[in-house]
Amino acid sequence: MPTKNKHHITDLIKSAREQFDDFSDAETQEVFLTIKEAKSRGLLRKQPPDRCLNEYINIANYLLSTYSTDVFPTALTENLRYLYAYIALVATNSITTTA
């Protein structure tokens, strides 16, 4: 993982801990493993929710499809599950960062 991404992930986790009282490192790791596996199986892509996919894979796909829109930042600040998925997308180099 590039150093830039490691630094960005560290900043994201620090910010999440400050913003959300119920932030969980264990949940972050579980979502990372789920997203990593989904990426290896080709399940990450811009697509509508699929009831056969894990909730976090659907969230990741939603984030991928809204990345360049005004909806994207709001999703990250209002919902911890979306932040977990974003951290996993950054960690797996599935989404670019601008920080």
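Calculation criteria
- Residues numbered from 1 in each chain as written.
- Predicted model: local features only at pLDDT ≥ 70, side-chain atom pairs only at ≥ 80, totals over all residues.
- Heavy atoms only, no water.
- Helix = DSSP H or I, 4+ residues; strand = E, 2+ residues; numbered from the N terminus.
- Rg over C-alpha atoms; globule rule 2.2 N^0.38 Å.
- Buried < 20%, exposed > 50% of the residue type's maximum accessible area, 1.4 Å probe, protein only.
- Areas by Shrake-Rupley, 256 points an atom, 1.4 Å probe, with all protein chains shown as cover.
- Lys, Arg positive; Asp, Glu negative; His and termini not counted.
- Charge placed at Lys NZ, Arg CZ, Asp CG, Glu CD.
- Core = buried A, V, L, I, M, F, W, Y, C linked by side-chain atoms within 4.5 Å.
- Arc of directions from axis to C-beta.
- Contact = heavy atoms within 4.5 Å.
- Axes fitted to C-alpha atoms, helices over the stretch in contact; angles between N-to-C directions.
- Parallel < 35°, antiparallel > 145°, perpendicular 65-115°, else oblique.
- Left-handed = near helix turned anticlockwise from the far one by under 90°.
- Nonpolar A, V, L, I, M, F, W, Y, C, P; charged D, E, K, R; others polar.
- Salt bridge = Lys/Arg side-chain N within 4 Å of Asp/Glu carboxyl O.
- Expected span 1.5 Å × (residues − 1).
- Polar contact = N/O pair within 3.5 Å; in protein donor to acceptor, adjacent residues only side chain to side chain.

*Asks:* I keep staring at the overall build of the chain and nothing clicks. Help me out?
*Replies:* In terms of regular secondary structure, the chain is built from five helices and zero strands. Secondary structure elements of the chain, listed N to C terminal, follow the sequence α-α-α-α-α. The C-alpha atoms of the chain give 13 Å as radius of gyration, which agrees with the globular expectation for 99 residues (13 Å, within 12%). Along the three orthogonal principal directions, the C-alpha set of the chain runs to about 35 × 25 × 25 Å. Per-residue burial for the chain yields a buried fraction of 42% across its 99 residues. With an accessible surface of roughly 6,000 Å², the chain has 51% of that area assigned to carbon and sulfur atoms. The distance from the centre of the 11 positive side-chain charges to the centre of the 12 negative ones in the chain is 10 Å.

*Asks:* Explain the nonpolar core to me, please; I cannot follow it from the model alone.
*Replies:* For soluble globular proteins, the rule of thumb is that nonpolar side chains tend to be buried together. In this structure, Ile-35, Leu-44, Leu-63, Leu-83, Tyr-86 and Leu-89 are the most contacted members of the largest nonpolar core, which totals 32 residues. Secondary-structure elements contributing two or more residues to this core are α1 (3–19), α2 (25–40), α3 (55–66), α4 (71–78) and α5 (80–91). When residues in this core are grouped by element, the largest group, eleven residues, is from α5.

*Asks:* How should I be thinking about α4 in this particular structure?
*Replies:* For an α-helix the count is 3.6 residues per turn, leaving residues at separations of three or four pointing the same way. Taken residue by residue, α4 has Phe-72, Ala-75 and Leu-76 as its buried positions. Along the axis of α4, the buried positions cluster into a sector of 95 degrees, meaning they face one direction only. The inward-facing, buried residues of α4 contact α3 and α5.

*Asks:* Whenever I open this one, the packing of α2 against α5 confuses me. Can you help?
*Replies:* If you want to describe how two helices pack, look at the angle between their axes and the distance between the axes. At their nearest, the axes of α2 and α5 sit 9 Å apart, and the two run at 55 degrees to each other. Overall, the two elements α2 and α5 adopt an arrangement that is oblique. α2 and α5 meet at a crossing whose hand is right-handed. From α2, Glu-27, Thr-28, Val-31, Phe-32 and Ile-35 reach across to α5, where they touch Tyr-84, Ala-85, Ile-87, Ala-88, Leu-89 and Ala-91. Looking at the contact of α2 with α5 residue by residue, the classes come out as nine nonpolar, one polar and one charged.

*Asks:* I'm lost on the pattern of salt bridges in this one. Help?
*Replies:* A side chain with one charge may pair with a side chain of the opposite charge, provided their charged atoms come close. Scanning the entire structure with this criterion turns up three salt bridges. For Arg-17, the salt bridge is made with Asp-25, and the minimal N-O distance between the two is 2.5 Å. Arg-17 sits in the partly exposed class, given a relative accessible area of 44%. Since its relative accessible area comes to 46%, Asp-25 is described here as partly exposed. For Arg-81, the salt bridge is made with Glu-55, and the minimal N-O distance between the two is 1.8 Å. Within this pair, whereas Arg-81 is found in helix α5, its partner Glu-55 is found in helix α3, the two being separated by 26 residues in sequence.

*Asks:* How should I be thinking about α3 in this particular structure?
*Replies:* Taking 1.5 Å per residue as the helical rise, α3 with its twelve residues ought to reach 16 Å, and the 17 Å between its terminal C-alpha atoms agrees with that figure. In terms of burial, α3 is largely enclosed, as nine of its twelve residues are buried. Among all positions of α3, only Tyr-56, Ile-57, Asn-58, Ile-59, Ala-60, Asn-61, Leu-63, Leu-64 and Thr-66 are buried. The secondary structure elements touched by the buried residues of α3 are α2, α4 and α5. Looking at where α3 begins, the residue whose side-chain oxygen comes 2.6 Å from the main-chain nitrogen of Tyr-56 is Asn-54.

In short, the description is geometric, and any link to function would need to be established separately.
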